[in-house]
Structure formats: C-alpha cells, structure tokens
Amino acid sequence: SSRAAQRRRPTQSEARGSAFMHVFSPPERPATTADGACDSTSPQGAHERCRSLLAQMPPMEGSVKYRRAWNIEEALEQHQNLMKQHELQSSIGQNNLQLRKMQVDFARLEASDAIARARIVDVNASPEEASALVQRVRSSSESLRMALKVYEIEELKAIAKTKSMQAEIEQSNMEMVALRQAIDDVSDGGGPQLAGVSRAPVIDPTSQRRHFYCSDCRVGGHGQRFCSYLLKRPNWRVYPSEKWLEDKNGQTSFCPLGRRAVDFTDETYFSRISMHIKGRIWLEDKRKLYEFVPDLMPLTFVIVDGKWVGDIPSEPPSSPPMPWFVKETDRNFGTSVVCCARPEDCMGLAKTRGTYVVQKHIPNPLLYNNGEKCHIKFYNLLIGEADGVTWKLYTYKDGYLSISPKAWTPTDLSKETQVTIIRTKRINDWPVWEKVYKSCQKGVQTVIDRAAAQGKLEGRNKKQFEIISADYIVTSELDVYLLEFNTGPVLKDPEDHPEVHDAGMINGALHLVEPWEGGDQDLWDFVFECKGVAPNDGPPEIIDAF
C-alpha cells in the first residue's frame, strides 16, 4: 500500500496548492532550516507567509466620510473623492480576500497531507510517532476550521464596507440633485422676499412656498450649527453658497449663490432671519455693559492704553486679602483674565495698548461642595421682531456650573483657583438653583429693558435673535452679581457629546424664532416683552454692523 500511495497521481487540490507554493516560494529553498523551523515551501510555511503579507496590507477603512456639502464645489469634490476611495478600498478588499482564500487552500492542503500520512502509517510505528500524526491531523483540521471562519468574516466585512461606501456615494449623488433643485426653485422665485436683495420673479404668485432654504456663508459662530438643526425639519433645504468678496488681506467672504436671499444664513444681509443682534456690543463689552447696569455688577474700574479712566481703585493696607481681576473688555471665556493681590498691582498686568476692566472679588462667595469657587452659566434667548421695536426675552430653566479644580482661598492667585471657565456640570441638581434662578432672570430682564429703552439694542427690518449666556457669581447670602455676557456661548451637539449636549436648548430656541408644527420650546421660559427705539428708515447696508 505504501508503494501504491507513492505512485498515485496528485489530486486537483494538491496540484493547485503546489502552484500556490511555487508562487510564494523562491527557487532552490532547502527542505528545512538549520534550526528546524518550518520550511516555507511546505503548506504550513506558505500559510505563514500569507499571514505575514496580510499584516502588511492596508486596512479597508478610508479616511473620506460623507459630510454635508454647503456649496457646489464641495459637493463635486466630495463625490469624486468618495468614488476614488470606493475603487481603492474595493481593490484592497479583493486582495485581502484573495490572501484569505490562499490561507484556506494552504490549510486544506496541510490537513489533506496530514490525513494522508496518517492513513499510510506503518503498523510497526512507535506510539510516539502515531501520537504525533494524530496531533498533526487535529492541529491542521483546527487551522482549516479557523481559516474558513476568518475568510467568512472577512468576506462579510468586505460586503458591509462596500455597501456602506455605495450608500455614501448615493447620498452624495442625492445631495447634488438637491442642490440643483434648490437653485432651480430659488431662480423661479421660490425663495424669500428680502428688501435690497435680488430675487427672481415669482412664476405663480398664488402658490405657497414648498421649501425653506439655509446657507452656510462661513461667517463663523453658530451659523452652520443652526443650519444643521433647521435641516432636520422636513421642508428645509440647503441652498449653496459661493465666493462673494475678497479683501486686500486675502480674506474671502461668501454669500448664497447668485446673491439670492435665503431664509437663514450667517451672512445677515442675505438672511430673512438674522442670527446676530444689532447692538450686541453693548452686552459683550464689559465696559459698555457697566455703563448702563452698574448696579448689577461688581464695582468696576477702567484702564485704557495704560491709564486709569475715571476713579482709581484703592483699599486700606489693613484690608483682608481678596483678589483683584484685570480683564480685557472685548474678550470672553476667561482667556484674558489675570489676577493680583492689591489694586496698585493691576496696572502692571495691563498692556500699554488696550482697554481693561478691573474688579475686586465679591465678598463671601458661595462655594461648591468641597470649597471650590463656581459660577453660573445662565442662558438667554433674545428675539427682535421684524417691526424693529419689539423685543422678547426668554431664559432657560437649566444651565451649567463652572467649577474651579482647586478649593478656593483668597490668597491663592492661581487660575486653577480663581478663574472658572469650563462648563463642569448641569446645574439642575444644585440645591440653590431654584432660589437664584429668578434673581438671575430678573437681572437679565433689567439689562434688556434698559438697553432697548436707551436705543442700545437696534431694530432691523427683519427678525433677529441670539442665544446669549450670562455669567453670574453667587454670594453665601444668595445675592447674584452679573460678570459678563457671551454672545457666542459654547453649545454642544449630541453627535459629538451624546451624554451632555444642548440639542433641546437649540431646537427650542429655533422653534421660538421660526415655529413649526413638529417643534416645542423645550425649557425656555418667557420673561417679558418690551418696546425699543424705532430704527432709521433707510436702505439696508451691505455689511450690517452687529
């Protein structure tokens, strides 16, 4: 029987395995290595070489992911990149599967060879030789089973990845079609009517608008974020933007394609709804804010270009230690706040060019659980109606606490102790929140009422709105002091921050600004409505002064 086995012709599987080994193995290799390692010309050696090649293969995971495009150039470029990536990743996937298939074939050859050797074992073979043959059969069979399983998994992964890439390409195709339809609709008069902005004639003046349009003109702030939330409504669409102006410094401004009016964009001139309050400088500039609400803020002094303006701060040498803060008037988020121990040290912290406010730390601050300093991030929605004189204020019933990482003492002047910047946690479980909420609300109401009455908030011939945060610090007697307003506060989306985000706040605010049947105002609390100074009747400016 041994002679018959030696004379038999190789099977088809064995012949194919020999061909694969010929491809993977260099000529004239010795049967075994000097140290007894597995010969690379054997099925097991070829299997190992496949594994080595697989380790060098690039992953089937491209860097290009579909993202919403805001202009035609972006959409075209993204589609081309997705197509190229699909071609490349498909090739990688096929090569990967080919190597996995070779692993299966080599494992099958190894198993067949082990079984064949076990069948022709000499009856006089020692128990050790028989045991080794049995172990080889078991090992090669297990390797074959694992190779088949891995091949099946890789094949399913390749199919899933291909479907995912094809879905992204289809999404890109649909996006380009939607942009084309938006251009056609607005060109046929389907966009909003806006004074001073070119608008195509309406073909059918009796028809109602089917869609509303938003554009990202890259002004910054929360424009793109608000567009993304509006686009979750079924009748909102993207209208593409294009290059508009370029200044002498090379900075480019963008506008809706064809300089058409849209329902919402961050470039105020082209937007039916403005996302910037005209006169906001009176809220975000700390010096200007103190001019008309000094009773709500800590006692404030001013440095301009290295000189005191008005009163000069002083305190007796015997005064208990308490930090003094020097802040640039037009910068927020704690980026320009420095502190010192005495008022006479403040001038040395100010640059020779610039405007600063100087404030002494409030007495008896209310500290957090472990003695840390904290302040309230209090959110407000201010809406100016299209009549140019009506102002509405809403406050949000939830907010955040910003808590310092170190316990507070008046003598530790480090930023970690004295400056609270980052939103640390939700405020709704803070025991004193319900008690101080109304005080914070009343303070903001006073600010808006005075600003509107004094003409500091300026009306437009369109609706305008802004989400504004106010920073409040609380004393141990639960009195509140207004520190500053941030007209571009930090807002977080559930896609990036699934655990703590502001989607409810944003959706609720946009519903109050632009109501729709599927929305609600979430936790926004209506405070009051007031009348301001009527705006001058004149043509709109190309660049609105915020």
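Above this note sits the structure.
This write-up is about the structure you can find in this document.

Calculation criteria
- Residues numbered from 1 in each chain as written.
- Predicted model: local features only at pLDDT ≥ 70, side-chain atom pairs only at ≥ 80, totals over all residues.
- Heavy atoms only, no water.
- Helix = DSSP H or I, 4+ residues; strand = E, 2+ residues; numbered from the N terminus.
- Contact = heavy atoms within 4.5 Å.
- Phe/Tyr/Trp six-rings, centres within 6.5 Å; stacked < 30°, edge-to-face > 60°.
- Buried < 20%, exposed > 50% of the residue type's maximum accessible area, 1.4 Å probe, protein only.
- Pairing = 2+ DSSP bridges.
- Axes fitted to C-alpha atoms, helices over the stretch in contact; angles between N-to-C directions.
- 1 Å grid on protein atoms, 1.4 Å probe; cavity = no way out; pocket = protein on both sides within 12 Å on 5 of 7 lines; lining within 4 Å.
- Points joined across faces, edges and corners; volume = space filled by probe spheres on them.
- Core = buried A, V, L, I, M, F, W, Y, C linked by side-chain atoms within 4.5 Å.
- Nonpolar A, V, L, I, M, F, W, Y, C, P; charged D, E, K, R; others polar.
- Parallel < 35°, antiparallel > 145°, perpendicular 65-115°, else oblique.

1. Considerations on the side chain of serine 140
Line of reasoning, step 1. Following the sequence through the fold, serine 140 ends up in helix H5 (residues 127–190).
Line of reasoning, step 2. Setting aside residues no more than four positions away along its own chain, serine 140 makes contact with Ala107, Glu110, Ala111 and Ala114.

2. Here's the deal with the packing of aromatic side chains
Line of reasoning, step 1. The final tally for this structure, using the stated rule, is 16 aromatic pairs.
Line of reasoning, step 2. Between phenylalanine 264 and phenylalanine 465, the aromatic rings sit 6.4 Å apart at their centres with planes inclined by 40 degrees, giving tilted as the arrangement. Here the residue phenylalanine 264 occupies a position in strand E5 (residues 262–265), and phenylalanine 465 occupies one in strand E16 (residues 463–474), the gap between them amounting to 201 residues. Across this residue pair, the class does not change: phenylalanine 264 and phenylalanine 465 are buried.
Line of reasoning, step 3. What links up through ring pairs into an aromatic cluster is the set Phe378, Trp433, Tyr437 and Tyr472.

3. Points about the sheet that holds strand E11 (residues 355–360)
Line of reasoning, step 1. The strand order E8-E7-E11-E9-E10 describes an open sheet built from 5 strands, whose pairing is antiparallel. Whereas interior strands pair on both sides, the edge strands pair on one side only; in this sheet they are strand E8 (307–309) and strand E10 (338–340). Taking each pair of neighbouring strands and ignoring which way they run, the sheet shows an average axis angle of 30 degrees.
Line of reasoning, step 2. Summarising the sheet, strand E7 (residues 300–304) and E11 pair through 5 bridges and their orientation is antiparallel. Bridge pairing in E11 links phenylalanine 301 to valine 358.

4. Quick word on empty space enclosed by the protein
Line of reasoning, step 1. As enumerated under the stated definition, the model contains 4 cavities of 30 Å³ or more in all.
Line of reasoning, step 2. Of the voids in this model, the largest cavity is the one considered here, and its volume is about 310 Å³.
Line of reasoning, step 3. Lining the largest cavity are 21 residues, with Lys327, Val337, Lys373, Thr420 and Leu483 positioned closest to its centre.
Line of reasoning, step 4. Mapped onto the lining of the largest cavity, the elements with two or more residues apiece are strand E9 (324–328), E11, strand E12 (372–384), E16 and strand E17 (480–486).

5. Description of the nonpolar core
Line of reasoning, step 1. Among the nonpolar cores identified, the biggest contains 40 residues, and Ile376, Phe378, Trp430, Val447, Leu457, Leu482 and Phe485 are the most heavily contacted of them.
Line of reasoning, step 2. When contributions to this core are tallied by element, the ones reaching two or more residues are helix H8 (286–292), E12, strand E13 (390–396), strand E14 (400–407), helix H10 (433–453), E16, E17 and strand E18 (524–531).
Line of reasoning, step 3. If one sorts the elements of this core by residue count, H10 sits on top with 9 residues.
Line of reasoning, step 4. Residue contacts for tryptophan 430: discarding those within four places in its chain leaves Leu366, Tyr368, Cys374, Ile376, Leu401, Val436 and Val474.
Line of reasoning, step 5. In this structure, Ala75, Met275, Phe465 and Leu512 belong to the second largest nonpolar core, which totals 32 residues.

6. Describing the pairing of strand E4 (residues 252–256)
Line of reasoning, step 1. For strand E3 (residues 241–246) and E4, the ladder comprises 5 bridges, and the chain directions are antiparallel. Each bridged residue has a counterpart across the sheet, and for leucine 245 the counterpart in E4 is serine 253.

7. Brief notes about the layout of surface pockets
Line of reasoning, step 1. Volume-wise, the largest pocket comes out at about 620 Å³.
Line of reasoning, step 2. Taken together, 19 residues line the largest pocket, and the ones lying closest to its centre are Arg67, Arg68, Trp70, Gln224 and Ser228.
Line of reasoning, step 3. At the level of secondary structure, the elements contributing two or more residues to the lining of the largest pocket comprise helix H4 (72–119) and helix H6 (223–230).
Line of reasoning, step 4. When grouped by side-chain class, the residues that make up the lining of the largest pocket number 5 nonpolar, 4 polar and 10 charged.

8. Structural notes on the packing of H6 against helix H11 (residues 503–513)
Line of reasoning, step 1. Where H6 contacts H11, the two axes come as close as 10 Å, and the packing angle between them is 80 degrees. In this view, H6 runs roughly perpendicular relative to H11, as classed from their interaxial angle. Every residue of H11 that contacts H6 at Arg225, Phe226, Tyr229 and Leu230 is listed here: Ala503, Ile506, Asn507 and Leu510.
Line of reasoning, step 2. Here the contact of H6 with H11 is composed, by residue class, of 6 nonpolar, 1 polar and 1 charged.

By themselves, these observations are geometric and do not establish any function.
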